[in-house]
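# Summary of the model geometry
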Amino acid sequence: AQKVTQAQTEISVVEKEDVTLDCVYETRDTTYYLFWYKQPPSGELVFLIRRNSFDEQNEISGRYSWNFQKSTSSFNFTITASQVVDSAVYFCALKAAGNKLTFGGGTRVLVKP
Amino acid sequence: EPEVTQTPSHQVTQMGQEVILRCVPISNHLYFYWYRQILGQKVEFLVSFYNNEISEKSEIFDDQFSVERPDGSNFTLKIRSTKLEDSAMYFCASSDTFYNSPLHFGNGTRLTVT
């Protein structure tokens, strides 16, 4: 069975601060894929990034960066110089055997001006 | 960019009624899914569908639920005899054939059962 844990339920920061969202996953499969999705206040789910289990390179995309560490089963997400528009719920998700995506509980990020 | 579309955006129904939620997946995608999110909670898998049949379903997806691809473009979720606890946001998603492909979600249908 797969499981994704996002221990932080809510993080509040002031604009321009960095914020890191933790994600820990569990799976017995050796091949799997990790994802981050953003859910803004309007409610849709927006795909941000995918990472496969064989690629532990960190990735940066603009103000977003991701740190995948297989040794600790973690796939953390950092927003640098946060902006009010980053306020959303962020979900980490895992796809292992089969095509089902298993979501974590989400972390609500509130960026105050 | 192609997107998944869902209708209606909001559906209000009375307890015991049947509802059909509709989705148009991305046209070249072959895997289709329904997820639901009870207000303020996590996104939960309901069912996946491939090659005109259910490929996987969760324990939530009991006999009250059914899915159908009635034509080449639509994908529907039917909920029979709705209950108050069925109130949630229902998301449709699709992905292409590749194992590593992300799911692309629609904007959701908010179902309110009164």
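To be clear, the structure that these remarks concern was listed above.
Since the model is a prediction, treat every value here as computed from it, not as a measurement.

Before going further, it helps to examine the state of the cysteines. As enumerated under the stated definition, the model contains two disulfides over all chains in all. A sulfur-sulfur separation of 2.0 Å characterises the disulfide bridge that pairs Cys23(A) with Cys92(A). The chirality of the disulfide connecting Cys23(A) with Cys92(A) is left-handed, given an S-S dihedral of about -65°. Pair noted here: Cys23(A) is in the loop between strand 3 (19–21) and strand 4 (24–26) and Cys92(A) is in strand 10 (residues 88–95), with a separation of 69 residues, a long-range link. When sorted by exposure, Cys23(A) lands in the same class as Cys92(A), which is buried. There is a disulfide in this structure between Cys23(B) and Cys92(B), and the S-S distance comes to 1.9 Å.

Our next topic: the nonpolar core. Grouped together as the largest cluster of nonpolar side chains are 24 residues, with contacts concentrated most on Leu21(A), Trp36(A), Phe75(A), Phe77(A) and Tyr90(A). For this core, the secondary structure elements donating two or more residues are strand 2 (10–14), strand 3, strand 5 (33–39), strand 8 (64–69), strand 9 (74–79), strand 10 and strand 12 (107–112) of chain A. Core analysis: the second largest hydrophobic core is formed by 21 residues, Val19(B), Val47(B), Phe49(B) and Ala88(B) among them.

So, about the packing of aromatic side chains. On inspection of all chains with the given rule, the structure shows 25 aromatic pairs over all chains. Ring plane angle 50° and centroid distance 5.7 Å describe the contact between Tyr37(A) and Phe103(A), whose orientation is recorded as tilted. In this pair, Tyr37(A) sits in strand 5 while Phe103(A) sits in strand 11 (residues 101–103), placing the two residues 66 residues apart along the sequence. Neither Tyr37(A) nor Phe103(A) differs from the other in exposure class; each is buried. Relative to Tyr90(A), the ring of Phe77(A) lies with its centre 5.5 Å away and its plane at 65°, an arrangement referred to as edge-to-face. Placement of the pair is Phe77(A) in strand 9 and Tyr90(A) in strand 10, with a sequence separation of 13 residues. Put simply, the rings of Phe35(A), Tyr37(A), Phe47(A), Phe91(A), Phe103(A), Tyr33(B), Tyr35(B), Phe45(B), Phe91(B) and Phe105(B) touch in pairs and so form one group of aromatic residues.

Moving on: the pattern of salt bridges. Residue and element names in this part refer to chain B. This structure, assessed with the given rule, holds five salt bridges over all chains. Residue Glu-44 pairs with Arg-36 through a salt bridge whose shortest N-O separation is 3.2 Å. Judged by relative accessible area, Glu-44 falls into the partly exposed class, the value being 24%. In this structure Arg-36 comes out as buried when scored by relative accessible area, which is 10%.

Once that is clear, we can look at the interface of chain B and chain A. Facing 19 residues of chain B, the contacting portion of chain A comprises 21 residues. Between chain B and chain A, the buried area comes to about 1,800 Å², and carbon and sulfur atoms account for 57% of it. The interface formed by chain B and chain A includes one salt bridge. Close ionic contact of Lys100(A) with Glu56(B) constitutes a salt bridge, the shortest N to O distance being 3.8 Å. Inspection of the region where chain B meets chain A yields five residue pairs in polar contact (both at pLDDT 80 or more). At the level of secondary structure, the elements contributing two or more residues to the side of chain B that touches chain A comprise strand 4 (31–37), strand 5 (43–50) and strand 9 (88–95) of chain B. Per-element tally for the side of chain B that touches chain A: the top contributor is strand 4 of chain B, with four residues. Here the side of chain B that touches chain A is built from residues that sort into eleven nonpolar, six polar and two charged.

Here we take up the environment of Thr5(A). All names here are of chain A. Relative to the helices and strands, Thr-5 resides in strand 1 (residues 3–5). Judged by relative accessible area, Thr-5 falls into the partly exposed class, the value being 36%. Separated by 98 residues in sequence, Thr-5 and Phe-103 have C-alpha atoms that sit 8.4 Å apart. In this structure Thr-5 touches Asp-22, Cys-23 and Val-24, once residues within four positions along its chain are discounted.

A separate point is the sheet that holds strand 8 (residues 75–79) of chain B. In any sheet, the strands associate via hydrogen bonds between backbone groups, in a parallel or an antiparallel arrangement. All names here are of chain B. Spatially, four strands are ordered 1-3-8-7 in an open sheet, and the strand pairing comes out antiparallel. With one partner strand each, in any of the chains shown, strand 1 (5–7) and strand 7 (65–68) form the two edges of the open sheet. Between one strand axis and the next, the sheet turns by 20° as a mean value, whatever way the strands run. In the sheet, strand 7 pairs with strand 8 via four bridges, with the strands oriented antiparallel. Looking at the pairing, Phe-65 lines up with Ile-79 of strand 8.

The rules behind the values
- Position labels on residues start from 1 in each chain and follow its written sequence.
- Chain letters start at A and ligand numbers start at 1, both assigned in the order the entries are written.
- Local features in this predicted model are restricted to residues of pLDDT 70 or higher, and side-chain atom pairs are both shown and tallied only at a pLDDT of 80 or more, whereas totals for entire chains, interfaces and linings draw on every residue.
- Side-chain measures were taken over the full set of non-hydrogen atoms in the model, leaving aside hydrogen atoms and water.
- Here, two cysteine sulfur atoms that lie within 2.5 Å of each other are counted as a disulfide.
- Numbering of helices and strands starts at the N terminus; helices are DSSP runs of H or I of at least 4 residues and strands are runs of E of at least 2.
- Any residue under 20% of the maximum accessible area for its type is buried, any over 50% is exposed, and the rest in between are partly exposed; the area is computed with a 1.4 Å probe on protein chains only.
- For the purposes of this section, nonpolar cores are sets of buried Ala, Val, Leu, Ile, Met, Phe, Trp, Tyr and Cys residues that join through side-chain atoms within 4.5 Å.
- The rule is short: rings of Phe, Tyr and Trp, with Trp giving its six-membered ring, pair when the centres are within 6.5 Å, and they are stacked under 30 degrees, edge-to-face over 60, tilted in between.
- Note on definitions: salt bridges are taken to be side-chain nitrogens of Lys or Arg within 4 Å of carboxyl oxygens of Asp or Glu.
- Whether two residues are in contact is decided by their heavy atoms: any pair within 4.5 Å suffices.
- Here the quantity called buried area is the accessible surface, traced with a 1.4 Å probe, that two parts lose on coming together, added over both.
- We define a polar contact as two N or O atoms separated by no more than 3.5 Å, with the added condition that, inside protein, one atom must be a possible hydrogen donor and the other a possible acceptor, whereas residues neighbouring each other in sequence contribute only through side-chain atom pairs.
- Polar here means any residue outside two lists: the nonpolar Ala, Val, Leu, Ile, Met, Phe, Trp, Tyr, Cys and Pro, and the charged Asp, Glu, Lys and Arg; Gly therefore counts as polar.
- By the convention used here, strands pair only if DSSP detects at least 2 bridges between them.
- To obtain each axis, a line is fitted to C-alpha atoms, and for helices this fit is confined to the stretch in contact; angles are then taken between N-to-C directions over 0 to 180 degrees.

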